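# Chain and residue survey
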Amino acid sequence: PYTQVTGVKLEVASLLAQAPSGIITVSVLSLFVMLVLENRVRFLVGLPPKDQKAVLDFRLPDACVWLFAASMLGSFLKYEISWLQIVSMNVFNVMIVLYFLQGMAVILRVFETFRVGAFWRTVMSVLLVFQLFLFVSVLGLADYWLDFRVKLAKKATDINKQMYE
């Protein structure tokens, strides 16, 4: 049972098998958006802002790299254990979204470090979310090894020293 949509063959059973990761993905992304927009909403209703350090410091545990690697291997290798491939694909989809959030935390830290204005933050965030989703996910994965936020903090300290000398 394939469905033809603009030259692409979609297998309905394959899409339904990935529904659990779709539900988790929508839930996680909606929580992320609520956390990012919390201070703006608090401002609109007249409440004082909260510290959003948790969003900027979001980091997956180290073991997630191995879970990501195993799920990627299980998703893209061809073998006859279909239930394992379905589970692997669901875990892979969720891990991509979680690494996307880690990448967005890095980008939000860059915005804060270089004091990017609200307009440009919004424009860049929309571009990154809708056009460069996989790039941001790879950035989040690379953050495990390269620890961009520590380098940004050092860079910000160097910039501040230069400004006040």
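Let me begin by describing the structure that accompanies this report. Here the structure is a predicted model, which is why all the values come from computation and not from measurement.

What follows is about the pattern of salt bridges. Throughout the structure, instances matching the rule amount to seven salt bridges. In this structure, E38 and K50 form a salt bridge, with 3.8 Å as the shortest nitrogen-oxygen distance. Taken as a pair, E38 in helix α2 (residues 19-44) and K50 in the loop between α2 and α3 (53-56) lie far apart in primary sequence, 12 residues in all. In this structure, the salt-bridge partner of R109 is D57, at a minimum N-O distance of 2.5 Å. Taken together, the residues span a long stretch of sequence, with R109 in helix α5 (residues 82-113) and D57 in the loop between α3 and α4 (63-76) at a distance of 52 residues. Classification of R109 by relative accessible area gives buried; the value is 16%. Given the relative accessible area of 33%, D57 is considered partly exposed. A single network of salt bridges, built from pairs that share partners, joins K53, D57, R109 and E112.

This part covers the packing of aromatic side chains. Evaluated as defined, the whole model comprises six aromatic pairs. Aromatic pair F76 and F92: ring centres 5.3 Å apart, planes at 85°, arrangement edge-to-face. Taken together, the residues span a long stretch of sequence, with F76 in helix α4 and F92 in helix α5 at a distance of 16 residues. When its relative accessible area of 11% is taken as the criterion, F92 is described as buried. Seen in terms of ring centroids, Y144 and W145 are 4.9 Å apart; in terms of plane orientation they differ by 80°. Their pairing is edge-to-face. When its relative accessible area of 26% is taken as the criterion, Y144 is described as partly exposed. Take W145: its relative accessible area is 57%, and that puts it in the exposed class. By the ring-pair criterion, three or more aromatic residues cluster together here, those being F68, F76, F92 and Y99.

Relative orientation of the contacting elements α2 and α5 amounts to 15°, with a least axis distance of 8 Å. Considering the angle they form, α2 stands roughly parallel to α5. Considering the relative orientation of α2 and α5, their crossing is right-handed. The residues of α5 that touch α2, namely those facing A19, P20, S21, I24, T25, V28, L29, F32 and V36, are N90, N93, V94, V97, L98, F100, L101, M104 and L108. Classifying every residue of the contact of α2 with α5 gives 14 nonpolar, four polar and no charged.

Moving on to empty space enclosed by the protein. Over the atoms, a rolling probe the size of a water molecule traces out where space has been left empty. Per the counting criterion, the structure on display carries one cavity of 30 Å³ or more. Roughly 40 Å³ of internal volume is contained in the largest cavity. Every residue along the wall of the largest cavity is listed here: R59, L60, P61, D62, V65, Y99, Q102 and Y144. Taken together, the residues of the lining of the largest cavity break down into five nonpolar, one polar and two charged.

Summarising the element assignment, D158 is placed in helix α8 (residues 148-163). Remark: the alpha-carbon pair of D158 and I23, spanning 135 residues in sequence, is separated by 43 Å.

Right, let's get into unusual backbone geometry. Phi is positive for R115, which is not a glycine, with a value near 50°. By secondary structure assignment, the location of R115 is in the loop between α5 and α6 (118-130). Owing to a relative accessible area of 64%, R115 belongs among the exposed residues under this scheme. The phi dihedral of D147 falls on the positive side, at around 45°, and the residue is not glycine. Of note, D147 is situated in the loop between α7 (133-146) and α8. For D147, a relative accessible area of 26% translates into the label partly exposed.

What counts and what doesn't
- Residues numbered from 1 in each chain as written.
- Predicted model: local features only at pLDDT ≥ 70, side-chain atom pairs only at ≥ 80, totals over all residues.
- Heavy atoms only, no water.
- Salt bridge = Lys/Arg side-chain N within 4 Å of Asp/Glu carboxyl O.
- Helix = DSSP H or I, 4+ residues; strand = E, 2+ residues; numbered from the N terminus.
- Buried < 20%, exposed > 50% of the residue type's maximum accessible area, 1.4 Å probe, protein only.
- Phe/Tyr/Trp six-rings, centres within 6.5 Å; stacked < 30°, edge-to-face > 60°.
- Axes fitted to C-alpha atoms, helices over the stretch in contact; angles between N-to-C directions.
- Parallel < 35°, antiparallel > 145°, perpendicular 65-115°, else oblique.
- Left-handed = near helix turned anticlockwise from the far one by under 90°.
- Contact = heavy atoms within 4.5 Å.
- Nonpolar A, V, L, I, M, F, W, Y, C, P; charged D, E, K, R; others polar.
- 1 Å grid on protein atoms, 1.4 Å probe; cavity = no way out; pocket = protein on both sides within 12 Å on 5 of 7 lines; lining within 4 Å.
- Points joined across faces, edges and corners; volume = space filled by probe spheres on them.

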